[in-house]
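A structural walkthrough
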Amino acid sequence: MQHIGIMSSRFEGDNIILIGFMGAGKSTVGRELERLGGMCLIDLDSVIVQLAGYSIPEIFAAEGEESFRDYEAAALRSLVGVHRTVIATGGGIIGREENWKIMHQLGPIVYLRAAWVTLRRRLAGSQGRPLADAGLELPQVEELWRRRLPLYEQADISVDTDDLNAPEVAMSILQKIGRREGNINA
Ligand code: S3P
């Protein structure tokens, strides 16, 4: 298995935190980083579902968004102590200051940037996303994206994903955070 050695210590933790709007490709790129780098992958939405005991649309419907955000923050906190793990977050993780503190502690925060046209295309037919499903009109989703943009831009590293495939995005991330593949036979 390939391992990635840490070439730089400018980040607190040795994980990689992926942030970005719904449809940015966080889970797909996470799987590429897992494959390329011999890292583990945790999808934060899955941790939330485990914590809450029911699905994300069910949490939104039964308890509302604030409660979902509480589960989300708790799920993130539960990851303190993990190592060499790619954490694919949900698009709204950037809304709470406390989440930023934890993310910084975990490792470099990487923003998967994408233009609205790209996101709109990727979100077409999306299911299981209460904030982007049929219930919300597209202009409202775009407005949400616009409001969040300055927050995403606070990431440590950004990658423009519009013209890249998932392996290219993953390689670009590894280059930017200063990690190299090594110990190929380890
Ligand atoms: C959300 C994004 C979703 C999920 C939830 C809320 C958001 O994750 O956490 O539906 O607020 O943007 P993805 O970004 O993985 O779709």
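Look above for the structure.
Summarised in this report is the structure supplied together with it. Predicted, not measured: the structure shown is a model, and the values here were computed from it.

1. Some remarks on the site of the ligand
- Neighbouring the ligand are 13 residues; Lys26, Asp45, Arg69, Arg129 and Arg148 lie closest to it.
- At 2.7 Å, a side-chain N or O of arginine 148 approaches an oxygen atom of the ligand.
- Against a free-state accessible area of 390 Å², the protein chains account for coverage of 95% of the ligand.
- For the ligand, the cavity whose grid points lie within 2 Å of the majority of its atoms is the largest pocket.
- Per-class residue counts for the shell around the ligand are five nonpolar, three polar and five charged.

2. Section: the environment of asparagine 99
- Relative to the elements of secondary structure, asparagine 99 occurs in helix H5 (residues 97–106).
- On the accessibility criterion, asparagine 99 (2% relative accessible area) is buried.
- Residues asparagine 99 and glutamate 72 lie 27 residues apart in sequence; the distance between their C-alpha atoms is 8.9 Å.
- Those residues in contact with asparagine 99 that lie beyond four places of it in its chain are Ala73, Leu76 and Ile93.

3. Details of the layout of surface pockets
- In this structure, the largest pocket spans a volume of roughly 430 Å³.
- Together, 27 residues line the largest pocket, and Met22, Asp45, Gly90, Gly91 and Arg129 are the ones closest to its centre.
- By residue number, the principal contributor to the lining of the largest pocket is helix H1 (residues 26–37), which donates four residues.

4. So, the sheet that holds strand E2 (residues 16–19)
- Here five strands make up an open sheet; going across it, the order is E3-E4-E2-E5-E6 and the pairing parallel. This sheet does not close on itself; its edge strands, each paired only once, are strand E3 (40–43) and strand E6 (157–160). Geometrically, the sheet is characterised by an average inter-axis angle of 25° between neighbouring strands, direction not taken into account.
- Note that E2 and strand E4 (residues 85–88) share three bridges and pair parallel. Bridged to isoleucine 16 within E4 is valine 86.

5. Describing H5
- Among all positions of H5, only Asn99, Trp100, Ile102, Met103 and Leu106 are buried. The buried side chains of H5 occupy one side of the element, clustering within an arc of 165° when seen end-on. The exposed residues of H5 that point more than 90 degrees off its buried face are Glu97 and Lys101.
- The elements touched by buried residues of H5 are E2, helix H4 (65–77), E4, strand E5 (109–113) and helix H7 (138–152).
- After H5 finishes, the residue glycine 107 shows a positive phi value of roughly 155°.

Thresholds applied
Residues numbered from 1 in each chain as written. Predicted model: local features only at pLDDT ≥ 70, side-chain atom pairs only at ≥ 80, totals over all residues. Heavy atoms only, no water. Near = heavy atom within 4 Å. Polar contact = N/O pair within 3.5 Å; in protein donor to acceptor, adjacent residues only side chain to side chain. Areas by Shrake-Rupley, 256 points an atom, 1.4 Å probe, with all protein chains shown as cover. 1 Å grid on protein atoms, 1.4 Å probe; cavity = no way out; pocket = protein on both sides within 12 Å on 5 of 7 lines; lining within 4 Å. Sits in = over half its atoms within 2 Å of the grid points. Nonpolar A, V, L, I, M, F, W, Y, C, P; charged D, E, K, R; others polar. Helix = DSSP H or I, 4+ residues; strand = E, 2+ residues; numbered from the N terminus. Buried < 20%, exposed > 50% of the residue type's maximum accessible area, 1.4 Å probe, protein only. Contact = heavy atoms within 4.5 Å. Points joined across faces, edges and corners; volume = space filled by probe spheres on them. Pairing = 2+ DSSP bridges. Axes fitted to C-alpha atoms, helices over the stretch in contact; angles between N-to-C directions. Arc of directions from axis to C-beta.

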